[in-house]
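Read off the chains here:
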Amino acid sequence: MEAIDGEEHARDADLVALPDGGNNELQHVGQEENLQGQMEEFLGPHSEYNEEEEERKYYRRKRLGVIKNVLAASVGAMIVYSVYMGLLQMQLILHYDMTYREVKYSNLGLEDIDRKMLMGINVTPIIGLLYTPVLIRFLGTKWMMFLASGIYALFVSTNYWERYYTLVPSAVAIGVAIVPLWASLGNYITRMAQQYYEYVNYKEEHVQEQKKLPKGVCHRYIIIFQSIFHIIFHLSFVFAEFPMRLVLNSYLHENKHILCNVKACGAVVSGLIPGFNTTVLTKLPRSMLLIQVESVLMGFAFLSMIIFLVLCGAAYRPTEEIDLRSIGWGNIFQLPFKHLRDYRLRLLCPFFFYSGFEVLFAISGISLTYGVCILGLDKLWLLIIVYGFSCSIFSSLSLCSLRLPRWVCLLSGAAVHFVLLVALMVFSLKRMPNESYEQYLGPLLVIIVLWGLGTALNKTGLSTLLSMLYAEEKERLDFVYTIYHWCQAIAIFIVYLWSHLPMRAKISILLVTLLIASYCYCVMERRLARDVRPRLPRIPRPRHKVKGYRYLEEDNSDESDSERSEEDKEENREDEEHVLEEMGAEGREERGQDGGAHGADSPIARRRGAAGHHQNRDGANVNGGEREEHEGL
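Sequence order sets the numbering: in each chain, residues are counted from 1 along the sequence as written. Given that this is a predicted model, residues contribute local features only at a pLDDT of at least 70 and side-chain atom pairs are listed and counted only at 80 or more, while totals for whole chains, interfaces and linings are drawn from all residues. Water and hydrogen atoms were dropped before computing side-chain values, which therefore reflect all heavy atoms in the structure.

Novice: Looking at this model, I keep getting lost on the overall build of the chain. Mind explaining?
Specialist: Comment: elements are numbered from the N terminus, with helices defined as DSSP H or I runs of at least four residues and strands as E runs of at least two. Looking only at helices and strands, the chain features 23 helices and 2 strands. Within the chain, contacts between residues separated by at least 24 positions form 88% of all contacts whose residues are at least 6 apart in sequence. The Shrake-Rupley method, run with a 1.4 Å probe, gives the accessible areas here. Residue values count only the displayed protein chains as cover. Of the accessible surface of the chain, which amounts to about 32100 Å², a share of 59% is contributed by carbon and sulfur atoms. Whether two residues are in contact is decided by their heavy atoms: any pair within 4.5 Å suffices.

Right, here's the structure in full:
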């Protein structure tokens, strides 16, 4: 009976507990629904979130990043060359003084070391065409600029211990780095202009799909960015004179002593300054003072490295960098030579050479043979600073290309230099002892300002022109700028060789080169106006299965041999079409030169013959397939 009463009490307890359990289950269901509603509200579209506004802010930050990259690259290059030129100038003046050589380094032969050091700087870049594209593709554009700035910093550090085995190898290293540094800088500024266009027009279909840019769409940004770069970079001539003005100028002898044996200046001179005194210092600078100056320069050299490393962004996307390397190192080595088949580069080569001639002539010819020879060594810093400011200010004139034709910039600079070269060829002066020549300061400053005007239009115009011609071919930019600065390096080597020639012979070489360059440039513009297509080498497609960690693919076991053969046929067909395009471009170029008519061997006939050959081959393949099928039945 007690068991029966216990069971009834348990049944009654269960009946009483059922309503509470039901309430708990209903509460759990309500909590789950509330939680799900909160998650949907959190993950769903926010009422205050504007997707277009956020996208616009994102691309505005990207555009500001591009501007930051351009300014950082310009300031970094300016600091590198300010340090390099300032230290080299101070070093050459100190080593030229006979007292400094005998007292401090009597048995080292510093004058011979300086000659070999200059030879290393000027001769080594001649082989730059062989290794520059390989280095840029292997390291990347940004890292190439960083490595080159590190080599310049190495050159500064070797001046703490001036020996043959420190100065000469570091000078050779600078010669190796010159062409890659400038090719990377030109490539970098052009890529920033392309990226800025993409971030401005991010809604365009060809930008979203990362297709080739339409022709001429980013020319506006190229002109602006190249102008900004050259405005900032040309200030390097100004800052390079700070060691001379603040430190070395107070140790110089008077002009009567330094120029006592100089008989003539200007066009009648052979060499730089014949009769220049070998003792130019009144007393030797303290060793601790020189170490302090070199330490300051070393600090700025490290600053330039940090700017390139931290503030400069990548020029290409990671996948694009891999694509650039994946075409094969043999192809990368050959492509600069193949690009010389492009008539645009061939016709611009004289201007490339003149661009190298005129800068060195301004520094070594006008500033020394005319300026220092007449006014004295204490006015050298003033001439170079005025030249730097002139180049920097007048580089902004290239912005006129936004409204005027692009030939105005280059040919205006050539016209200014032509007038100045004619004037310099007829200007000479016989120096008399104990006479003042301060009255020539004004005319010489006018000449150096006008030469800076021509330099600014020449340098900025050439870089802008190259970027505009190859703006849509971003995979060719490093090859094109390598050719440009390689030609400049050869021109600088020629200037190094002609240092002992008469001044009129130097000016004659400059005049002839300038006239040839102007004529060839006009021919190039005329062919472009007639729509003569250039002969561009084919860049192979990247082999992602072989190179690039982002593209490692496993072999497709389901892929049949027929599918592989179809891919091979497609590649072969593309190769043949590119060959036909090259033949057509070559034929059009010949017609642009000779004006010949279409004939049986014209590119159109060859293309038709090739198309007929493809059709016959495809028909033969189809017939062979039908015959095999019939035999199988």
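Novice: How should the packing of aromatic side chains be read in this particular structure?
Specialist: For any pair of aromatic rings, the description rests on two quantities: the centre-to-centre distance and the angle between the ring planes. When the centres of two rings from Phe, Tyr and Trp lie within 6.5 Å, Trp using its six-membered ring, the rings pair. Their planes under 30 degrees apart give stacked, over 60 give edge-to-face, and anything left gives tilted. Counted by the stated rule, this structure contains 28 aromatic pairs. Relative to Tyr152, the ring of Tyr84 lies with its centre 5.3 Å away and its plane at 85 degrees, an arrangement referred to as edge-to-face. One end of the pair, Tyr84, is in helix α2 (residues 51-96); the other, Tyr152, is in helix α6 (residues 141-157), with 68 residues separating them in the sequence. With respect to burial, Tyr84 and Tyr152 carry one shared label: buried. With a centroid separation of 5.5 Å and 70 degrees between ring planes, the pair formed by Phe239 and Phe242 is classed as edge-to-face. When its relative accessible area of 37% is taken as the criterion, Phe239 is described as partly exposed. Take Phe242: its relative accessible area is 39%, and that puts it in the partly exposed class. Exposure classes here rest on a 1.4 Å probe applied to the protein chains alone. A residue is buried below 20% of its type maximum, exposed above 50%, and partly exposed in between.

Novice: What's the story with the state of the cysteines in this structure? I'm lost.
Specialist: Cysteine pairs can be linked by a disulfide, which is a covalent bond between their two sulfur atoms. What counts as a disulfide here is a pair of cysteine sulfur atoms lying within 2.5 Å. A full pass over the atoms with the stated rule returns 1 disulfide. Disulfide pairing is shown between Cys265 and Cys373; the S-S distance is 1.9 Å. What sets the handedness of the Cys265 and Cys373 disulfide is the S-S torsion sign, and at about -80 degrees it is left-handed. Of this pair, Cys265 sits in strand β1 (residues 264-266) while Cys373 sits in helix α16 (residues 343-375), and the two are 108 residues apart along the sequence.

Novice: Sorry if this is basic, but what is going on with the nonpolar core here?
Specialist: For soluble globular proteins, the rule of thumb is that nonpolar side chains tend to be buried together. By convention a nonpolar core is built from buried Ala, Val, Leu, Ile, Met, Phe, Trp, Tyr and Cys residues, the set being connected through side-chain atoms within 4.5 Å. Core analysis: the biggest nonpolar cluster contains 155 residues, and Tyr81, Phe352, Phe361, Leu377, Leu421, Trp451 and Leu466 have the highest contact counts within it. Looking at this core element by element, the count peaks at 18 residues for α16. Discounting residues that sit within four places of it in the chain, Leu421 has contacts with Tyr354, Phe361, Trp451, Ile507, Leu510, Leu511 and Leu514. One finds Ile327, Ile332, Leu335 and Ile539 within the second-largest nonpolar core, a separate group that totals 5 residues.

Novice: Explain helix α20 (residues 477-497) here, please?
Specialist: In an α-helix, one turn spans 3.6 residues, which is why side chains three or four residues apart end up on the same side. Expected span, for any helix, means 1.5 Å times one less than how many residues it has. Over its 21 residues, α20 extends 31 Å from the first C-alpha to the last, a length consistent with the 30 Å expected when each residue adds 1.5 Å. Of all 21 residues in α20, 17 are buried; the element is thus mostly enclosed.

Novice: Whenever I open this one, α16 confuses me. Can you help?
Specialist: In this model α16 runs 46 Å from its N-terminal to its C-terminal C-alpha over 33 residues, within 8% of the 48 Å that 1.5 Å per residue would give. Along α16, the sharpest change in direction is near 45 degrees and occurs at Phe361. With 28 of its 33 residues buried, α16 lies for the most part within the structure. Working definition for bend: take the seven residues up to and ending at a residue and the seven starting at it, fit an axis to each, and measure the angle between the axes.

Novice: What's the story with the packing of α16 against α20 in this structure? I'm lost.
Specialist: To characterise two packed helices, one gives the angle between the axes of the helices and the distance between these axes. In this analysis, axes come from line fits to C-alpha atoms, helices being fitted only over the stretch in contact, and the angle between any two N-to-C directions falls in the range 0 to 180 degrees. The N-to-C vectors of α16 and α20 enclose an angle of 45 degrees; their axes lie 8 Å apart at closest approach. The orientation of α16 relative to α20 falls into the category oblique. When you trace α16 past α20, the crossing you get is right-handed. Only Val480, Ile483, Tyr484, Cys487, Gln488, Ile490, Ala491, Ile492, Ile494 and Val495 of α20 make contact with α16, whose side of the interface consists of Leu345, Cys349, Phe352, Phe353, Ser355, Gly356, Phe357 and Leu360. For this classification, the nonpolar set comprises Ala, Val, Leu, Ile, Met, Phe, Trp, Tyr, Cys and Pro, the charged set comprises Asp, Glu, Lys and Arg, and every other residue, Gly included, is treated as polar. Counted by class, the contact of α16 with α20 contains 15 nonpolar, 3 polar and no charged residues. An angle below 35 degrees is read as roughly parallel, one above 145 as roughly antiparallel, one from 65 to 115 as roughly perpendicular, and any other as oblique. When the near helix sits turned anticlockwise from the far one by under a right angle, the crossing is termed left-handed; a clockwise turn instead gives a right-handed crossing.

Novice: What should I look at first to understand the pattern of salt bridges in this one?
Specialist: Pairing is possible between side chains that carry opposite charge, provided their charged atoms lie close to one another. Criterion for a salt bridge: a side-chain nitrogen of Lys or Arg within 4 Å of a carboxyl oxygen of Asp or Glu. Counted by the stated rule, this structure contains 7 salt bridges. Across the pair Asp378 and Lys379 runs a salt bridge whose closest N-O atoms are separated by 3.7 Å. Assessed through its relative accessible area of 19%, Lys379 is described here as buried. The partner of Arg476 in a salt bridge is Glu473, and the shortest N-O contact between them spans 3.2 Å. Residue classification places Arg476 among the buried residues on the basis of a relative accessible area of 6%. The class for Glu473 is buried, based on a relative accessible area of 14%.

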